[in-house]
Amino acid sequence: HFILSWFDRISESIRHRTVMATRYWVSSLAVGHGSSSSSLWIRLQELISRQAFDTPLYRFNIPNLRVGTLDSLLALSDDLLKSNSFIEGVSHKIRRQIEELEKISGVFSSSLTVDGVPVDSYLTRFSWDEAKYPTMSPLREIVDGIHGQIAKIEDDLKVRVAEYNNVRSQLNAINRKQAGSLAVRDLSNLVKPEDLVVSEHLTTLLVIVLKYSQKDWLSSYETLTTYVVPRSSKKLHEDNEYALYTVTLFTRDADNFRTKARERNYQIRDFEYNSETQESRKQELEKLVQDQDALRTGLLQWCYASYGEV
């Protein structure tokens, strides 16, 4: 009357985090007339020890539950298959989220835990939580309660991940602007106030020059139009494709200079330095970084706790 089944699913959830995964068999034995569960447990230990003395046995203690009718058990059995698949899926979602967050943070925990202990320890020392799941409640009520609790955890996971990804996307968008080529990237962190000459009659333009055309720029910019300040061009930055130069000229000649520059394949970038705007952008970036770190840390801690709950 042995009913043996592989109990791989729980150990599989920690398989990736341990050198050797532990595989468990769950054995359900019928207690015959004139016997007891304690005597049956002792006999099982004796039989196993004769065949495999180094195989540990653990008693999986389950309380007496309100079983109900056979029809209700059969109906519940079908629902349990669906609930099991759903709950297992949620546990894998949380585990994958933990892996991603740990990889980004560069911090790796030795193993996932349930109630503060490793999964193996929890499984082999399992104890029914009477406070959460009263044994006097019908089985259907217990199963529905567990399913509803896990569904709420899944909803919370979606909300928390969406909030974290939203901040992360904003930060990535800013970083992309700062990391692109000079033709498209944000120039605010490359240009200083002292690089610009702005007066009643003079203005400074920012020019993007192809990297291989820098000699042509330096030899021609003073003569593109009439009112360019000699030797006013200065290189501020260079990347793999372009170089960023300044050029100072009379304000009334700026539009004409733009036209002549475009004809020579030089790109004029519109830019106006504003200390308040620059400070605001800096504070926004710092806040996003802080928000991302706080949300990532909070989400990771929540995932640790929720994984154990699931």
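Small disclaimer: the values here were computed from a predicted structure and weren't measured.

The rules behind each value
Residues numbered from 1 in each chain as written. Predicted model: local features only at pLDDT ≥ 70, side-chain atom pairs only at ≥ 80, totals over all residues. Heavy atoms only, no water. Helix = DSSP H or I, 4+ residues; strand = E, 2+ residues; numbered from the N terminus. Rg over C-alpha atoms; globule rule 2.2 N^0.38 Å. Areas by Shrake-Rupley, 256 points an atom, 1.4 Å probe, with all protein chains shown as cover. Core = buried A, V, L, I, M, F, W, Y, C linked by side-chain atoms within 4.5 Å. Buried < 20%, exposed > 50% of the residue type's maximum accessible area, 1.4 Å probe, protein only. Contact = heavy atoms within 4.5 Å. Phe/Tyr/Trp six-rings, centres within 6.5 Å; stacked < 30°, edge-to-face > 60°. Lys NZ or Arg CZ within 6 Å of the ring centre and 35° of its normal. Pairing = 2+ DSSP bridges. Axes fitted to C-alpha atoms, helices over the stretch in contact; angles between N-to-C directions. Salt bridge = Lys/Arg side-chain N within 4 Å of Asp/Glu carboxyl O. Expected span 1.5 Å × (residues − 1). Arc of directions from axis to C-beta. Polar contact = N/O pair within 3.5 Å; in protein donor to acceptor, adjacent residues only side chain to side chain. Domains from an automatic or database assignment. Patch = residues over 30% accessible without salt bridge, like charges linked within 9 Å, V, L, I, M, F, W, Y side chains within 5 Å.

S.K.: Which residues make up the overall build of the protein, and what values go with them?
M.R.: Check the secondary structure of the protein and you find eight helices and eight strands. Compactness check: the protein gives a C-alpha radius of gyration of 34 Å against a globular reference of 19 Å for 310 residues, more than 25% above the reference. With the model as given, the accessible surface of the protein reaches about 20,200 Å², and the carbon-plus-sulfur share is 53%.

S.K.: Explain the nonpolar core residue by residue, including any values.
M.R.: Membership of the largest hydrophobic core comes to 18 residues, with the highest contact counts inside it found for Ile94, Ile98, Leu157, Leu299, Trp302, Cys303 and Tyr307. Of all the secondary-structure elements, those providing two or more residues to this core are α3 (70–105), α5 (139–179) and α8 (275–309). Excluding its chain neighbours within four sequence positions, the residues that come into contact with Leu157 are Lys93, Ile94, Gln97, Trp302 and Cys303. In this structure, Trp217, Tyr245, Ala261 and Ile268 belong to the second largest nonpolar core, which totals 15 residues.

S.K.: Any chance you could break down the packing of aromatic side chains for me, citing the residues and the numbers?
M.R.: Given two aromatic rings, their pairing is described by the distance between the two centres and the angle made by the two planes. Here the structure, examined in full by the defined rule, presents eight aromatic pairs. A ring pair is formed by Trp217 and Phe257, whose centres lie 6.3 Å apart and whose planes are at 85°; its orientation type is edge-to-face. Highlighted residues: Trp217 in helix α6 (residues 214–220) and Phe257 in helix α7 (residues 254–263), separated in sequence by 40 residues. A centroid spacing of 5.8 Å and a plane angle of 70° characterise the contact between Tyr227 and Phe250, whose relative ring orientation is edge-to-face. On the criterion of sequence distance, the pair formed by Tyr227 in the loop between α6 and β6 (234–238) and Phe250 in strand β7 (residues 242–250) is long-range, its members being 23 residues apart. Of the residues examined, Tyr227 reaches a relative accessible area of 36% and is grouped as partly exposed. Through pairs of rings, three or more aromatic residues link up here, namely Trp217, Tyr221, Tyr245, Phe257 and Tyr266. Over the ring of Tyr227 we find Arg252, and its NZ or CZ is 4.4 Å from the ring centre.

S.K.: Describe the sheet that holds strand β5 (residues 202–210), naming the residues involved and giving the relevant values.
M.R.: Sheet strands line up and pair through hydrogen bonds in the backbone, either parallel or antiparallel. Within the open sheet, the four strands sit side by side as β6-β7-β5-β8. Their pairing is antiparallel. At either margin of the open sheet sits one strand with a lone partner, and together these are β6 and β8 (267–269). Across this sheet, the average inter-strand angle for adjacent strands is 35°, counted without regard to direction. For β6 and β7, the ladder comprises four bridges, and the chain directions are antiparallel. Paired with Lys235 across the bridge in β7 is Tyr245.

S.K.: Describe in detail the pattern of salt bridges, supporting the description with residues and values.
M.R.: Using the criterion set out here, one finds 14 salt bridges in the structure. Among the salt bridges present, the one from Glu100 reaches Arg168, with a minimum N-O distance of 3.1 Å. Note that Glu100 is positioned in helix α3 and Arg168 in helix α5, a separation of 68 residues in sequence. Of the residues examined, Glu100 reaches a relative accessible area of 35% and is grouped as partly exposed.

S.K.: Describe helix α2 (residues 37–51), and please don't skip the residues or the numbers.
M.R.: Over its 15 residues, α2 extends 22 Å from the first C-alpha to the last, a length consistent with the 21 Å expected when each residue adds 1.5 Å. Listing the buried residues of α2 in full gives Leu40, Trp41 and Leu44. Buried residues of α2 fall within an arc of 100° about the axis and therefore sit on the same side.

S.K.: Just give me the short version of the side chain of Ser232, but keep the residues and values in it.
M.R.: Position of Ser232 relative to the elements: it lies in the loop between α6 and β6. On the basis of relative accessible area, Ser232 is assigned to the buried category, the value being 16%. Within polar-contact distance, the side chain of Ser232 engages the backbone nitrogen of Thr248 at 3.1 Å. Leave out the neighbours within four places in its chain, and Ser232 touches Tyr221, Thr246, Val247 and Thr248.

S.K.: Residues and numbers for the domain arrangement of the protein, please.
M.R.: Under the domain assignment, the protein is made up of domain 1 (1–176) and domain 2 (193–272). The C-alpha-based centres of domain 1 and domain 2 are spaced at 67 Å.

S.K.: Explain a nonpolar patch on the surface residue by residue, including any values.
M.R.: A cluster of nonpolar side chains, contributed by Val67, Leu70, Leu73 and Leu74, occupies part of the molecular surface with about 360 Å² of accessible area. Here Val67 lies in the loop between α2 and α3. Take Val67: its relative accessible area is 43%, and that puts it in the partly exposed class.

S.K.: Can you lay out α5 for me, pointing to particular residues and giving the numbers?
M.R.: Between the first and last C-alpha of α5 there are 58 Å, a value that for 41 residues agrees with the 60 Å anticipated at 1.5 Å per step. Every buried residue of α5 is accounted for by Leu139, Ile142, Val143, Ile150, Ile153, Glu154, Leu157, Val161, Tyr164, Val167 and Leu171.

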